[in-house]
Amino acid sequence: MSGKRITVVGASELGCRFALAAQQAGFEVTLVDEHPQALKNMSFDAPYFYGSGLPASLSDETAVFDNVLGSNELMLECVENEVDVKIGVVAWGAFHNTANSIHIGVPKVGLVSREGNELVEYDHLVLATGSRDFVPSFKGWELPGVLGGKAGLKLLNAYQCFSGTKCLVLGTTTLAVDFAKAALEHGIAIAGFVEPTTEFMAGAESLEWASTQSIPVFYESVILKADGSDRVASATITPLARSNDIEIDCDTICVAIGALPNVELPAAMGCALRFAQDLPAWEPSVDGNLLTSVPNVYWLSRFTQSEDQVSKILSAIGGGKDEEVSATAGHHSANQADYIDLWVAKLVECGGTDVVLCQCETVTRGDFLDLKPPRYLGAGLRAPHSAVTGGETGPKIDQDMTKRMTRVGMGHCQGKRCRDEAAILLSQRYGVPLEDIKPGSYRFPVRPIDMSLIAAEDDDYHTREKWPHWMQEEVVAVGVAGDKR
């Protein structure tokens, strides 16, 4: 290996800044970003929760391409500085030699576009995969017009396609305010903010801005349901004091409660994960140089508390000045975990358990929490079970087990809509801390893609020569060695 090839996954601000710095330091840099996404890929709600009401104008690929590229000035700067920028390209997998796959050779990243697939060899891999929406369930959340805060911002600022005219915003976080500001700039009215506490979470300055815009804030309230037939027509919010419900006229509901790190790719690669209490979510465990447990794979994220992450990674791979480094930790606002937990608890308290949690498999909160097998099985097989298993270190829950029992997280969105809320619901029901709930596993491909695009045109020599015979050869060899006759 030359040691000079760096692949950066994610053209976020951090990803672009690192790509520019690495290129100027003399590295051969490839920058990959999945935006602009094809319309069918966006319908799987990855990486953001777009919902089912995507505008038809997204099918104009040329206009979308120009809009997305033009909206990212740092990415344009990367192009001008001869970084190999690949946009509209999905990094669906990354491969390196492990105990169970010893023939990979040079580490590779699998990249797929509308044209096909390629395996790009790298010496160093920098994961700047960004964040994703956290959207808890409520009645009607499957209606077109319900979307996440990150998705809303991306549609407004990058894709410049948005079908709503009046939006209700759930949450008063910085994300919620950023979305509201962008929506107003694009001529979309804000029907109000819904907030379960007595505080405006984004702070006094943001609250003052909302007041100057005459945007109402519904404190100590949560959404009860979204109403409509073919799309959102209104929303019903309910005060936690159980006074009269309030109906809000809107055609869009933006859920801006929080954002969590995108960890599908590092998790599927085998990077060790740690639970970040303040997010609350799992993220790669890194050393002071932001190196993960997989050799030459680095984690670059705004969720990481570390001064000048770009310089640290460049120094670690020999492209910058050596400097003192220290361990890193999550740095999101200390109350995000409590805030998300409160939202989920109050939505269940007000909306009950007969609410669809998993849209793909149509599983309710109640069926999931009771671990009832899918409804297509006979009634005798659908007795409630407990998700908790015992052990010397205390009660545990394995999310892969609950997935297999109920199919929550097993649908075509690959659990991106429901896995986080499912873990929080289990924690609240059974009293098991979130860090003791083993997260569901991720597998390649980490995005829903056309499998024909990544299929090999022909088998290699070893597969072609050995595949019809390897099982028989191993069985015969074992039989001879263990023959006692």
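Definitions and limits used
- Residues numbered from 1 in each chain as written.
- Predicted model: local features only at pLDDT ≥ 70, side-chain atom pairs only at ≥ 80, totals over all residues.
- Heavy atoms only, no water.
- Helix = DSSP H or I, 4+ residues; strand = E, 2+ residues; numbered from the N terminus.
- Buried < 20%, exposed > 50% of the residue type's maximum accessible area, 1.4 Å probe, protein only.
- Arc of directions from axis to C-beta.
- Contact = heavy atoms within 4.5 Å.
- Polar contact = N/O pair within 3.5 Å; in protein donor to acceptor, adjacent residues only side chain to side chain.
- Salt bridge = Lys/Arg side-chain N within 4 Å of Asp/Glu carboxyl O.
- Core = buried A, V, L, I, M, F, W, Y, C linked by side-chain atoms within 4.5 Å.
- Pairing = 2+ DSSP bridges.
- Axes fitted to C-alpha atoms, helices over the stretch in contact; angles between N-to-C directions.
- pLDDT = per-residue confidence, 0-100.

1. Regarding unusual backbone geometry
Here's step 1: Cis geometry marks the peptide bond from histidine 35 to proline 36; its omega dihedral reads 0°.
Here's step 2: By secondary structure assignment, the location of proline 36 is in the loop between β2 (28–33) and α2 (39–42).
Here's step 3: Here the bond from leucine 279 into proline 280 is cis, since omega is -5°, no more than 30 degrees from zero.
Here's step 4: Note on placement: proline 280 falls in the loop between β18 (273–276) and β19 (281–284).
Here's step 5: A positive phi angle is found at serine 214, which is not glycine, with a value near 60°.
Here's step 6: Structurally, the position occupied by serine 214 is in the loop between α7 (204–212) and β12 (217–218).
Here's step 7: The phi angle at leucine 290 is positive, at roughly 70°, despite the residue not being glycine.
Here's step 8: Relative to the helices and strands, leucine 290 resides in the loop between β19 and β20 (297–299).
Here's step 9: Leucine 290 gets classed as buried once you look at its relative accessible area, which sits at 0%.

2. Focus: helix α4 (residues 73–80)
Here's step 1: Within α4 the residues assigned to the buried category are Leu74, Met75 and Cys78. Taken around the axis of α4, the buried residues stretch over an arc of 100°, which confines them to a single face. Seen from the open side of α4, the exposed residues pointing more than 90 degrees away from its buried face are Glu73 and Glu80.
Here's step 2: The elements touched by buried residues of α4 are α1 (13–24), β2, α3 (61–71) and β3 (84–87).
Here's step 3: At the N-terminal end of α4, a side-chain oxygen is found 3.3 Å from the backbone nitrogen of leucine 74, two or three residues along, and the residue is asparagine 72.

3. Some details on the side chain of asparagine 262
Here's step 1: Inspection of the secondary structure puts asparagine 262 in the loop between β17 (259–261) and α8 (264–269).
Here's step 2: Look at asparagine 262 and you get buried, because its relative accessible area is 3%.
Here's step 3: Each residue touching asparagine 262, except ones within four places of it in the same chain, is listed here: Pro47, Thr129, Gly130, Ser131, Arg132, Trp299 and Arg447.

4. Some points on the environment of methionine 269
Here's step 1: Looking at where methionine 269 falls in the secondary structure, it is placed in helix α8.
Here's step 2: By relative accessible area, methionine 269 is classed as buried at 6%.
Here's step 3: Sequence separation between methionine 269 and phenylalanine 95 is 174 residues; the distance between their C-alpha atoms is 6.8 Å.
Here's step 4: Once residues within four sequence positions are removed from consideration, methionine 269 is found in contact with Ala94, His96, Tyr122, Leu125, Leu127, Val294, Val297 and Phe444.

5. A few points about the pattern of salt bridges
Here's step 1: Under the definition given, this model contains 19 salt bridges.
Here's step 2: Of the charged contacts, one joins arginine 5 and glutamate 121 as a salt bridge, the two residues approaching to 3.3 Å between their closest N and O atoms. A residue pair is termed long-range when its members are at least 10 positions apart, and arginine 5 in strand β1 (residues 5–9) and glutamate 121 in strand β6 (residues 117–121) qualify at 116 residues.
Here's step 3: Here arginine 5 falls in the partly exposed class, since its relative accessible area comes to 21%.
Here's step 4: Two residues, glutamate 264 and arginine 447, come together in a salt bridge whose shortest N-O distance is 3.4 Å. One end of the pair, glutamate 264, is in helix α8; the other, arginine 447, is in the loop between β26 (437–438) and α14 (451–454), with 183 residues separating them in the sequence. Comparing glutamate 264 with arginine 447 shows no difference in burial state: the two are buried.
Here's step 5: Residues joined in a network through salt bridges with shared partners are Arg5, Glu121 and Asp123.

6. Concerning the nonpolar core
Here's step 1: One finds Phe138, Leu168, Leu170 and Ile253 to be the most contacted residues of the largest nonpolar core, which totals 56 residues.
Here's step 2: Among the elements that take part in this core, helix α10 (residues 336–351) stands out by supplying 6 residues, more than any other.
Here's step 3: Apart from the residues lying within four places of it in its own chain, the contact partners of isoleucine 253 are Phe138, Gly145, Val146, Leu147, Cys167, Leu168, Leu170, Ile223, Ala226, Val232 and Ala235.

7. As for the sheet that holds β3
Here's step 1: If you walk across this open sheet you meet the 5 strands as β3-β2-β1-β7-β20, and the pairing is parallel. Each having just a single partner strand, β3 and β20 make up the two edges of the open sheet. Between one strand axis and the next, the sheet turns through 15° on average, direction left out of account.
Here's step 2: The strands touched by α1 are β1, β2 and β7 (124–127); relative to β2, the strand with the most contacts, the crossing angle is about 165°.

8. Brief notes about the side chain of histidine 124
Here's step 1: Counting through the fold element by element, histidine 124 comes out in strand β7.
Here's step 2: The exposure class of histidine 124 is buried, given its relative accessible area of 10%.
Here's step 3: Of the polar contacts made by the side chain of histidine 124, one reaches the backbone oxygen of glycine 3; its length is 3.4 Å.
Here's step 4: Not counting residues up to four positions away in its chain, the partners in contact with histidine 124 are Gly3, Arg5, Ile6, Thr7, Asn296, Tyr298 and Ile317.

9. With respect to the confidence of the model for the chain
Here's step 1: Per-residue confidence for the chain gives a mean pLDDT of 89; residues scoring 70 or more make up 88%.
Here's step 2: When the criterion is pLDDT under 50, residues 322–334 qualifies, and its contacts beyond four places in sequence or with other chains add up to 35 contacts.
Here's step 3: Every residue in residues 475–485 scores below 50 in pLDDT, and together they form 0 contacts with partners more than four places removed in sequence or on other chains.

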